[in-house]
Amino acid sequence: MGNHPAAGAITALMDRYRAAWTANDPAALKACWDPACKPLYLAEEIEETLEGWGAIERYWAMNEGLHADVALSFSHPAFTDLADGLVLGAWRMDWSIAFTDRPAMAGWNRVAAVYRQFPDSWRFAAWIEAPLAAITYVRKLYEERAGR
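This write-up is about the structure you can find in this document. Computed from a predicted structure; not experimentally measured.

Section: the overall build of the protein chain
From N to C terminus, the protein chain includes four helices and six strands. In sequence order, the protein chain lays out its α and β elements as α-α-β-β-α-β-β-β-β-α. Radius of gyration (C-alpha) of the protein chain: 16 Å, near the 15 Å computed for a compact globule of 148 residues. With respect to the three principal axes, the spread of C-alpha positions in the protein chain is 45 × 35 × 25 Å. Considering the protein chain as a whole, with its 148 residues, one finds that 41% of them fall into the buried category. Across the protein chain, every contact between residues at least 6 apart in sequence was considered, and the portion connecting residues at least 24 apart equals 51%. Taken as a whole, the protein chain presents about 8200 Å² of accessible surface, with 56% of it coming from carbon and sulfur. Of the charged side chains in the protein chain, 14 are positive and 19 negative; the average position of the first set lies 4 Å away from that of the second.

Quick look at the pairing of strand β4 (residues 86-99)
Remark: a regular strand shows side chains that alternate across the two faces of the sheet. Here strand β3 (residues 67-83) runs beside β4; their pairing, made up of 13 bridges, is antiparallel. Bridge pairing links V70 to I97 in β4. Taking the residues between adjacent antiparallel strands as the criterion, β3 and β4 are bridged by two residues, where G85 takes a positive phi near 75 degrees. In the sheet, β4 pairs with strand β5 (residues 105-117) via 12 bridges, with the strands oriented antiparallel. Residue pairing in the sheet places G89 in a bridge with A113 of β5. From the end of β4 to the start of β5, which pair antiparallel, there are five residues.

Examining the sheet that holds β5
Ordered in space as β2-β1-β6-β5-β4-β3, the six strands form an open sheet in which the pairing is mixed. The sheet is open, and its two edges are formed by β2 (50-51) and β3, each paired on a single side. Bridge count for strand β1 (residues 40-42) against strand β6 (residues 122-130) is three bridges, and the pairing is parallel. Pairing of L40 across the sheet is with A126, part of β6. Sheet strands touched by helix α1 (residues 7-23): β1, β3, β4, β5 and β6. Its angle to β6, the strand with the most contacts, is close to 70 degrees.

Some words on the pattern of salt bridges
Inspection of the entire model under this criterion finds seven salt bridges. In this structure, E57 engages K30 in a salt bridge whose closest nitrogen and oxygen atoms are separated by 2.7 Å. With E57 in helix α3 (residues 53-66) and K30 in helix α2 (residues 26-30), the pair connects residues that are 27 residues apart, well separated along the chain. Note on E57: relative accessible area 34%, which makes it partly exposed. Residue class for K30 comes out partly exposed when judged on its relative accessible area of 30%. Within this structure, R92, D94 and E144 form a network of salt bridges that share partners.

Considering the nonpolar core
Within the largest apolar cluster, 36 residues are counted, with the highest numbers of intra-cluster contacts made by Y17, Y41, W60, Y115, F124 and W127. At the level of elements, α1, α3, β3, β4, β5 and β6 are the ones that each hand at least two residues to this core. By residue number, the principal contributor to this core is α1, which donates seven residues. Leave out the neighbours within four places in its chain, and Y17 touches L29, C32, W33, Y41, W60, F124 and W127. Counting residues in hydrophobic clusters, the runner-up holds five residues, among them C37, L86, V114 and A126.

The rules behind these values
Residues numbered from 1 in each chain as written. Predicted model: local features only at pLDDT ≥ 70, side-chain atom pairs only at ≥ 80, totals over all residues. Heavy atoms only, no water. Helix = DSSP H or I, 4+ residues; strand = E, 2+ residues; numbered from the N terminus. Rg over C-alpha atoms; globule rule 2.2 N^0.38 Å. Buried < 20%, exposed > 50% of the residue type's maximum accessible area, 1.4 Å probe, protein only. Contact = heavy atoms within 4.5 Å. Areas by Shrake-Rupley, 256 points an atom, 1.4 Å probe, with all protein chains shown as cover. Lys, Arg positive; Asp, Glu negative; His and termini not counted. Charge placed at Lys NZ, Arg CZ, Asp CG, Glu CD. Pairing = 2+ DSSP bridges. Axes fitted to C-alpha atoms, helices over the stretch in contact; angles between N-to-C directions. Salt bridge = Lys/Arg side-chain N within 4 Å of Asp/Glu carboxyl O. Core = buried A, V, L, I, M, F, W, Y, C linked by side-chain atoms within 4.5 Å.

Here it is in structure tokens:
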């Protein structure tokens, strides 16, 4: 776990977020976010940056009908303080998605998130998926399959 005083509480948030995706539950996803912020969301599979609740809720609703099953795991955390009660975290996210209309897919990428502290927990203010460059990602996939 990342060496940060809030690492345990932020990891608990990541566990709730993972469970919300597995449950395919947009309301549970939103409950992981700061309700007062103008959220920023950058998914690897779409070009535009999603800004504000309307855009993000439409994205979650679209995925709710598209995903039959989602499995996420988060590892290799790193944290840095941005301000009092505001932390930037980075993770490796391994994912597997079974779709309702096509074959399943799996892979991994990097995620950066901005976390805001609340009295009882931490919540997201921003989420950015940052995959490797295609040639680097494909090379790593081949190396992983070869056992390196």
